[in-house]
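Observations on the three-dimensional arrangement
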Amino acid sequence: MIEILNPTLLSRARGTGALVADILQALKGRSAVGVNLLDLDRWAKAMIVEAGATSCYVDYEPSFGRGPFGHYVCTAVNDAVLHGRPYDYTLADGDLLTLDLAVSRGGVAADAAISFVVGDARPPASLAMIAATERALAAGIAAAGPGARIGDVSHAIGTVLREEGYRINTEFGGHGIGSTMHQDPHVPNTGRPGRGYKLRPGLLLALEPWVMEDTAELVTDADGWTLRSATGCRTAHSEHTIAITDDGADILTLPN
């Protein structure tokens, strides 16, 4: 299903997007050495409930996961890249952490992810990889607008990632979003310009470039959810929800 939001729902989407961004920044601020991933999950739950919103993750049970996700935020550490299920792990100096959050409020969902290094360590390869996903995300957003096609967005993302030397996995990518978290159209992180669905004002997309340092192959963790790099290398993931408007693309998941 491809949803086109009316002005009322689009206004609500902006509020939901700002909430997602603010919760992510609050969680990032608490992601210190010695903090447990389960604490981050509890804090996410408290902020979501306080805001009168609903988690898109707790009861989420897609074909690629094993049972309901059961948590409020995805926490992917080091070699984990997507769908990181929180568990009893204490953050260490230099860990590369990705937080991915999706909530619904007022009948509209928003989805975003940030990657960062915990503590005082600054591993150059990790910082470069995070920056590459952020630049790819910016390129994808710049390519999105009324009349552009999904292939234009995917091509812009993929061009940046390849120029930075990363291999691209196309099993998981961006997606439409609206009254539910995952909708059509699928937005791969590489593609051919001029191909695919034509973007229209009122369409919401979650764009999410993600890479692994030296592979494009994923393996599934024993928890049935967390996707890790097949080689054990580090990973990074950046995501925004955007709205297609008459003038281009607005980023909905920027913090206040």
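This text follows the structure it describes.
Before going into details, it helps to say that this report is about the structure given with it. (Residues numbered from 1 in each chain as written. Predicted model: local features only at pLDDT ≥ 70, side-chain atom pairs only at ≥ 80, totals over all residues. Heavy atoms only, no water.)

Of the regular secondary structure elements, the chain holds four helices and 14 strands. The C-alpha atoms of the chain give a radius of gyration of 17 Å, which matches the 18 Å a tight globule of 256 residues would have. Once the C-alpha set of the chain is aligned to its principal axes, its extents read approximately 45 × 40 × 35 Å. When burial is assessed residue by residue, the chain has 56% of its 256 residues classed as buried. Total accessible area on the chain stands at roughly 10,300 Å², and carbon and sulfur atoms take up 50% of it. Between the centroid of the 20 positive side chains of the chain and the centroid of its 30 negative side chains there is a distance of 4 Å. (Helix = DSSP H or I, 4+ residues; strand = E, 2+ residues; numbered from the N terminus. Rg over C-alpha atoms; globule rule 2.2 N^0.38 Å. Buried < 20%, exposed > 50% of the residue type's maximum accessible area, 1.4 Å probe, protein only. Areas by Shrake-Rupley, 256 points an atom, 1.4 Å probe, with all protein chains shown as cover. Lys, Arg positive; Asp, Glu negative; His and termini not counted. Charge placed at Lys NZ, Arg CZ, Asp CG, Glu CD.)

In this section: the sheet that holds strand β11 (residues 227–229). Reading across the sheet, the three strands line up as β3-β11-β10 and stay open at both edges, with antiparallel pairing between neighbours. If you trace the sheet from one side to the other, it starts and ends with β3 (80–82) and β10 (218–220), each paired once. Each adjacent strand pair in this sheet contributes to an overall mean axis angle of 45°, direction not counted. Alignment of β10 against β11, held across three bridges, turns out to be antiparallel. Across the sheet, residue Leu218 finds its bridge partner in β11, namely Ser229. (Pairing = 2+ DSSP bridges. Axes fitted to C-alpha atoms, helices over the stretch in contact; angles between N-to-C directions.)

To continue, consider the pattern of salt bridges. Tallied over the entire structure, the rule returns five salt bridges. The shortest N-O distance in the salt bridge between Arg135 and Glu164 comes to 2.9 Å. Within this pair, whereas Arg135 is found in helix α3 (residues 124–143), its partner Glu164 is found in the loop between α4 (150–163) and β6 (174–176), the two being separated by 29 residues in sequence. Judged by relative accessible area, which is 40%, Arg135 ranks as partly exposed. Owing to a relative accessible area of 37%, Glu164 belongs among the partly exposed residues under this scheme. Members of the salt-bridge network, linked through shared partners, are Asp79, Asp221 and Arg228. (Salt bridge = Lys/Arg side-chain N within 4 Å of Asp/Glu carboxyl O.)

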